[in-house]
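# Structural features, examined
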Amino acid sequence: MAAVRCVDLCKTYRQGDQDIKALDHVSIEIEPGGFVCLSAPSGGGKTTLLNAIGGLDMPDSGEVWVADRRIDQLSKGALAELRLSSIGFVFQAYNLIPVLTARENIEFVMQVQGVPAAERAKKSMAILEEVGLKGLEDRRPAEMSGGQQQRVAVARAIVSRPALVLADEPTANLDSKTSDELMTLFTELNEHHNTTFVIATHDQRVMGYAKRLIRMLDGRIVDDIEQHAA
Amino acid sequence: MRMLPVLTRLAWRYLWRNHRRTIIMVSAISIGVWAMIFMTALSRGMVDQMIEDGVSALPGHVQVHNKQFLDDPSVSNRILISDAELSRTFDSADFKAWASRVKVPAVISSEYESRGVTLLGIDPVAERAFGYLSYDEVEGRFLEGVDDNSIVIGRKLADKLETNVGKRVVLMSQDPENEIADRGFRVVGLFNSDVPGYEDGNVFVGKKAAQKMLRIGDTTTELVFLGDSYRNVEPTYDRVVASIDGTLDVKRWYEVATYLGSLLKVMDGFVMIWMIVIFLALSFGLVNTLVMAVFERVREIGLMLALGMKPSHILGQIIIESMLLLSVGLAIGNVLSWATIQPLRGGIDISIVAQGMEMMGAASVLYPRLYVSDMILANVIVLSLGFLASLSPAWRASRYEPVEAITKVG
Ligand SMILES: Nc1ncnc2c1ncn2[C@@H]1O[C@H](COP(=O)(O)OP(=O)(O)OP(=O)(O)O)[C@@H](O)[C@H]1O
Ligand SMILES: [Mg+2]
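None of these values were measured; they are calculated from a predicted model.

### Looking at the overall build of chain B
- The helix and strand inventory of chain B stands at 15 helices and 12 strands.
- Against the 2.2 N^0.38 benchmark of 22 Å for 410 residues, chain B shows a C-alpha radius of gyration of 31 Å, more extended than a compact globule.
- Seen along its three principal axes, the alpha-carbon backbone of chain B occupies a region of about 105 × 45 × 30 Å.
- Split into buried and exposed, the 410 residues of chain B put 52% on the buried side.
- Taking as baseline every contact in chain B between residues at least 6 positions apart, the subset at least 24 positions apart corresponds to 77%.
- Accessible area of chain B: about 18700 Å², with a carbon and sulfur share of 59%.
- Distance between charge centroids for chain B: 12 Å, based on 40 positive and 45 negative side chains.

### Description of the pattern of salt bridges
- On inspection of all chains with the given rule, the structure shows 37 salt bridges over all chains.
- Among the ionic pairs, R70 of chain A bridges to D72 of chain A, the shortest N-O distance being 2.9 Å.
- For R70 of chain A, a relative accessible area of 25% translates into the label partly exposed.
- With a relative accessible area of 14%, D72 of chain A lands in the buried category.
- Counted as one network, the salt bridges with shared partners bring together D48, E52, R231 and R369 of chain B.

### Some words on the confidence of the model for chain B
- Taken residue by residue, chain B gives an average pLDDT of 90. The fraction at 70 or more is 96%.
- For this predicted complex, the interface confidence reaches an ipTM of 0.92, while the overall pTM sits at 0.82.

### Describing helix 11 (residues 298–306) of chain B
All names here are of chain B.
- Among the nine residues in helix 11, eight count as buried, and that is most of the element.
- Of the positions making up helix 11, those classed as buried are R299, E300, I301, G302, L303, M304, L305 and A306.
- At the C-terminal side of helix 11, G308 shows a positive phi close to 115°.

### A few points about the side chain of T22 of chain B
- In this structure, T22 of chain B sits in helix 2 (residues 19–57).
- Discounting residues that sit within four places of it in the chain, T22 of chain B has contacts with L15, W16 and L325 of chain B.

### Thoughts on the packing of helix 2 of chain B against helix 14 (residues 372–398) of chain B
All names here are of chain B.
- In contact at an axis separation of 10 Å, helix 2 and helix 14 are set at 145° when each is read in the N-to-C sense. Relative to helix 14, the crossing made by helix 2 is right-handed. Between helix 2 and helix 14, the contacting residues are V33, M36, I37, T40 and R44 on the first element and D374, M375, A378 and V382 on the second.
- By residue class, the composition of the contact of helix 2 with helix 14 is six nonpolar, one polar and two charged.

### A few points about the sheet that holds strand 10 (residues 220–226) of chain A
Residues and elements named next belong to chain A.
- Overall, mixed pairing links the six strands, which are arranged 6-7-8-3-9-10 in an open sheet. Single-partner strands in this sheet number two, and they are strand 6 (87–90) and strand 10. Going from strand to strand, the sheet's axes swing by 15° on average, the running direction of each strand aside.
- The sheet contact formed by strand 3 (residues 35–39) and strand 9 (residues 212–217) spans four bridges and is parallel. From the neighbouring strand, C37 faces strand 9, where its bridge partner is L213.
- Its contacts with the sheet place helix 2 (residues 76–86) against strand 6 and strand 7 (164–168), and it is angled at close to 85° to strand 6.
- The sheet contacts of helix 6 (residues 176–193) involve strand 3 and strand 8 (196–200), and relative to strand 8 the element is tilted by about 150°.

### A few points about the packing of helix 3 (residues 102–113) of chain A against helix 1 (residues 4–17) of chain B
- Viewed as axis vectors pointing N to C, helix 3 of chain A and helix 1 of chain B meet at an angle of 140°, and their least axial separation amounts to 11 Å. Along the contact surface, helix 3 of chain A presents E104, F108 and Q111 of chain A, while helix 1 of chain B presents V6, R9, L10 and R13 of chain B.
- Looking at the contact of helix 3 of chain A with helix 1 of chain B residue by residue, the classes come out as three nonpolar, one polar and three charged.

### Some points on the nonpolar core
- Among the nonpolar cores identified, the biggest contains 117 residues, and L49 and F108 of chain A together with L10 of chain B are the most heavily contacted of them.
- Broken down by element, this core gets its largest block of residues, 13 residues, from helix 2 of chain B.
- Two domains share this core, each providing at least three of its residues, namely domain 1 (4–54 + 261–406) and domain 2 (59–256) of chain B.
- Not counting residues up to four positions away in its chain, the partners in contact with F108 of chain A are I97 and L100 of chain A together with V6, L10, M304, L307 and M309 of chain B.
- In this structure, V152, F186, V206 and M207 of chain A belong to the second largest nonpolar core, which totals 35 residues.

### Structural notes on the interface of chain A and chain B
- Across the contact, 29 residues belong to chain A and 26 residues belong to chain B.
- Between chain A and chain B, a total of about 2500 Å² is buried, with carbon and sulfur atoms accounting for 66% of that surface.
- Here chain A and chain B share four salt bridges between them.
- Between E104 of chain A and R13 of chain B there is a salt bridge, with its nearest N and O atoms 2.6 Å apart.
- At the level of secondary structure, the elements contributing two or more residues to the side of chain A that touches chain B comprise helix 1 (46–53), helix 2 and helix 3 of chain A.
- In terms of residue count, the dominant contributor to the side of chain A that touches chain B is helix 3 of chain A (six residues).
- Counted by class, the side of chain A that touches chain B contains 15 nonpolar, seven polar and seven charged residues.

The rules behind these values
- Residue positions within a chain follow its written sequence, with the count starting from 1.
- Both sets of labels track the order of writing: A upward for chains, 1 upward for ligands.
- Given that the model is predicted, a residue must reach a pLDDT of at least 70 before its local features are reported, and side-chain atom pairs must reach 80 or more before they are shown or counted; all residues, however, enter totals for whole chains, interfaces and linings.
- Note that the side-chain values use all heavy atoms of the structure and ignore hydrogens as well as water.
- Runs of E in the DSSP output that reach at least two residues are strands. Runs of H or I that reach at least four are helices, and both are numbered from the N terminus.
- When we talk radius of gyration, it's over C-alpha atoms, and the globule rule is simply 2.2 Å times the number of residues to the 0.38.
- The buried label applies to any residue whose accessible area, calculated with a 1.4 Å probe on protein chains only, is under 20% of its type's maximum; exposed applies above 50%, and partly exposed to all values in between.
- In what follows, residue pairs with any heavy atoms lying within 4.5 Å of each other are defined as contacts.
- The protein chains shown are the only cover counted for residues, whose accessible areas, like all others here, come from Shrake-Rupley with a 1.4 Å probe.
- When charges are counted, neither His nor the chain ends are considered; positive counts come from Lys and Arg and negative counts from Asp and Glu.
- Every charge is mapped to an atom, namely NZ of Lys, CZ of Arg, CG of Asp or CD of Glu.
- The working definition used for a salt bridge is a side-chain nitrogen of Lys or Arg within 4 Å of a carboxyl oxygen of Asp or Glu.
- Values of pLDDT, which run from 0 to 100, indicate the predictor's confidence residue by residue.
- The axes are straight lines fitted to the C-alpha atoms, using for helices just the contacting stretch, and the angles between their N-to-C directions are given from 0 to 180°.
- Whether a crossing is left-handed or right-handed is set by the direction in which the near helix is turned from the far one by less than a right angle, anticlockwise for left-handed and clockwise for right-handed.
- Following the grouping adopted for this structure description, the nonpolar residues are Ala, Val, Leu, Ile, Met, Phe, Trp, Tyr, Cys and Pro, the charged ones are Asp, Glu, Lys and Arg, and the polar ones are all others, Gly among them.
- By the convention used here, strands pair only if DSSP detects at least 2 bridges between them.
- Residues belong to one nonpolar core when they are buried, are Ala, Val, Leu, Ile, Met, Phe, Trp, Tyr or Cys, and are joined through side-chain atoms within 4.5 Å.
- The domain limits used here are those given by an automatic or database domain assignment.
- Accessible-area loss on putting two parts together, using a 1.4 Å probe and summing over both, is the definition of buried area adopted here.

The structure is reproduced here in structure tokens:
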């Protein structure tokens, strides 16, 4: 079985009188426990691909399979259920609910999942410490730096141990030391819990952690290489 | 259900993120609710007073007559049960008050004028509790007992007859054999009444004096009973029916004075309409507030959906937000109306504007009446219609596409 399988995905956006191929016949297969970096210049289609895998956006054609389940034909409700139960997200643009504190943001997904309060508290406090935000749990997003917010988003994505983590530029706002710490955390999760990671990034340092590096350009896969962790 | 705490917390936080808007909306709701309850209390006060005056003028909550009496109110259609027997039946029964009385049409004449009136032969002691007249405010004095051979008439009637306290008048009616029955009485008191037509239409004499004049022994034509409240007349009615001869006609007050009964119903309808109209005015603000609240939160809603929250949870969140907003407004509105009505319970002098109202039987002092049932009605209307009004903005919020919210940068 594959953790993620995309077959011949196409997605075209219309901008003005121009058709933009955000995904152009993309096919990939990612094994469970895969640790994949998607790298492409801006506008290369990384976010579009992640959204298709996460069931947030429908491709124009092609198939998307997550854990051997075809998802591009599922209903909205079923997709929501799938995202909630088995996918952790770090979004590129907008991640945190501004009226909730760091800890409440981290607990949000667990709360929707129905995890009991005591367990939520234990897990969220532990993960806050792991991402280096101990002491900031009661801050709201507006009271944190971009990097701190980013780490809260990462913490939320991994706290309930999803089988698949889709992270779009998770280190965008982080200094190199914090990026390294986050990537080490991802690597540990990947190794100990067999969590599958698909990470879109520009960051060479992040790519260095990946077991597999997929390069895209204008919606096409141009390179797909296995590599050994640095 | 397990989502309720999360949704409520989110709704509450979002509500206070934009204090200004929330405070304005809460104020509008509070004032609206206040207007609902306060105006209702004023109109209840007015109508209740009209009804209470009307009921006490009847008097009583339940009346018993001979079946023919209402068509032909003469002594031939009297109740053929002696006063002694009635006392045995009713004295021990648990009524707030009861009385038997002689009530027949009669003509009253002074040396100058004659008028048709209703002659009431009463036991002033037994009837005091009915409250249709304040004995102490009678000019001169009121009757002193069943044997009192004097007459008390209304101030207006006295003016029309050009008579006064101390003068004599003659009453004339028919006895059971349709023979003229008449008698002279000395006027000892003049009464006033707020009830229209009462002052010039009723004259009071002692019951025994009336019985003697009409030659009906110790029988009467009308039994009247007072229960605890005119709003709850059934227990009294049932008790009277149970203890009286089935050939007699037992009526509740609203069956005797049907216009008073319908006044009560009209009032209930008016209260309902009034509350709904105010709510409709509020609903524009409410829907607008919710639409704004949803609109400025498109991305956050998208994020929640993207993270796996169901559209129904978004729907619930907006509805809870609306309910919280309404509840805060309701709480303040309820307290506000209680706090403003309480000090006015002693009555509001409306004599300046009341001249026209007196025609309708309203008094010049208005006593607001705050009913718990009216308050509950206002709250139920606001919450249930508010729920309906929130459905459309909430539905729209739940239809957002998560991806649009998530990918928009900036
Ligand atoms: N909603 C949209 N409407 C129109 N065009 C879009 C939309 N979303 C993406 N595109 C276009 O599709 C192409 C791929 O976009 P995508 O966001 O996937 O790129 P990306 O690799 O994530 O870029 P970046 O590194 O800047 O995040 C771009 O040319 C973009 O302009
Ligand atoms: Mg992108």
